[in-house]
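# Structure at a glance
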Amino acid sequence: MRKTTSAAPAPLLGTRALNRATLERQLLLGRSALSVKAAVEHLVGLQAQNVKPPYFALAARLDGFAPERLSALMADREAVRIVTMRSTIHTHTADDCLTLRPLVQPARDRELTIFRKGLAGVDLDRLAALARDLVEAEPRTMKQLREALSAQWPDADPQALAIAARCKLPLVQITPRGLWGRSGQVVLTTAEHWLGRPAEPAPAPDAIALRYLAAFGPASVKDMQTWSGLTRLREAFERLRPRLVTFRDDHGVELFDLPDAPRPDPDTPAPPRFLPEFDNVLLSHADRARIVPAEHRGRSWQGNQAYRTLLVDGFLAGVWKLEADALVVEPFGPLGKEREQEVTAEGERLLKAMYGESSSYDIRFGTVVR
């Protein structure tokens, strides 16, 4: 009788190998010469819960970045702020805004079930049509939208009505909100109205899976589901399997990747990087161990407050903040003299990129966070 042999197990990628691969895809292992627009597209958007994080995210990734470059894209309507992945605000290119928002619409529809009690008796299709007319006639704040919708459905929860409009429609935050050095409240209109063209059909999840792997891989199905907020993506990966390579992590989880994607040597040096709060590199995998050591899990936020984070040797190693006169670094443990010098040099580069040669900030190390 002929012996049958089982297929050889997929190659192992340990934590450091995954770390270096992810950093390279995220433009964090070495700064990229990509344009701002190309970088935002490659990264499939930038987390933008607050105004400044996309700017700091690009300063950590791009050679010669100046905040005015992203600000100009937004002013010219080539980039926008809109709710997409994980029901959070992202900065996307205009093209991605018009395709990715339709892609994640099923997740936005699921989100509405949380508010069904406050939406009892509300015709959601009618609400969407009315909200579209309102914000396209004149951009509105959420307060103005709540008030106008409440006039039509006085028995409904006003907050739920406004959230329903945000879920049903691709609402973008118009400028000056999001511009560097400018201020402005959140004022909304539809993406189609702001960009002057209709939304595209939702792309197949297969196409976005390939882009996700290019920016965040190697990754599991659950990793992409965590990043996107979508479910049932296994079928997409199975369709793509002949075009992909597979690995396994330390726990035996199957990881997919593009055959020609970079997977640097695990010992490749990783310079320090100052990242904004909610940077996507920290949020886009089901297992965050490739960036966040187990002993530091949960230390980059407290309650609903997220801290700006510091990577040292590619891994989360501390938090930082800008005070009136200083960039204050608070490491989770002693860095050693050489690492401190590297972190200081990176901090100086960040301050120069964001605030120019005349930056008056000092750099100091605060009390080590325990």
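Preceding this paragraph is the structure being described.
A quick note: this is a predicted structure, and the numbers were derived from the prediction, not measured. (Residues numbered from 1 in each chain as written. Predicted model: local features only at pLDDT ≥ 70, side-chain atom pairs only at ≥ 80, totals over all residues. Heavy atoms only, no water.)

### Looking at the pairing of strand β11 (residues 308-312)
Here is the rule: Relative accessibility under 20% of the residue-type maximum defines a buried residue, over 50% an exposed one, and the middle range a partly exposed one, all with a 1.4 Å probe and only protein chains included. Numbering of helices and strands runs from the N terminus; a helix is a DSSP stretch of H or I covering at least four residues, while a strand is a stretch of E covering at least two. Whether two strands pair depends on DSSP finding at least two bridges between them.
Within β11, five of the five residues are buried, leaving the element largely enclosed by the surrounding structure. Where burial is concerned, the two faces of β11 agree: the one with Arg 308, Leu 310 and Val 312 and the one with Thr 309 and Leu 311 are both buried. In this antiparallel pair of consecutive strands, β11 and strand β12 (residues 315-322), the connection spans two residues, and Asp 313 shows a positive phi of 55°.

### Describing the sheet that holds strand β3 (residues 89-93)
One open sheet holds the five strands; their spatial order is β1-β3-β2-β4-β5, and the pairing between them is antiparallel. In this open sheet, the two strands that pair with only one neighbour each are β1 (46-47) and β5 (188-190).

### Points about the sheet that holds strand β14 (residues 362-365)
Applied cut-off: Lines fitted to C-alpha atoms define the axes here, with helix axes fitted over just the stretch in contact, and angles between the N-to-C directions of these axes take values from 0 to 180 degrees. The contact definition used throughout considers only heavy atoms, calling two residues in contact when any of these lie within 4.5 Å.
Here five strands make up an open sheet; going across it, the order is β8-β11-β12-β13-β14 and the pairing mixed. For this open sheet the edge positions go to β8 (273-275) and β14, each flanked by a neighbour on one side alone. Each strand axis lies, on average, 30° off the axis of its neighbour in the sheet, ignoring direction. Where β12 lies against strand β13 (residues 326-331), five bridges are found, and the strand directions are antiparallel. Bridging across to β13, Trp 320 finds its partner in Val 329. Where helix α14 (residues 337-355) meets the sheet, it contacts β8, β11, β12, β13 and β14, and its direction lies at approximately 145° from that of β14.

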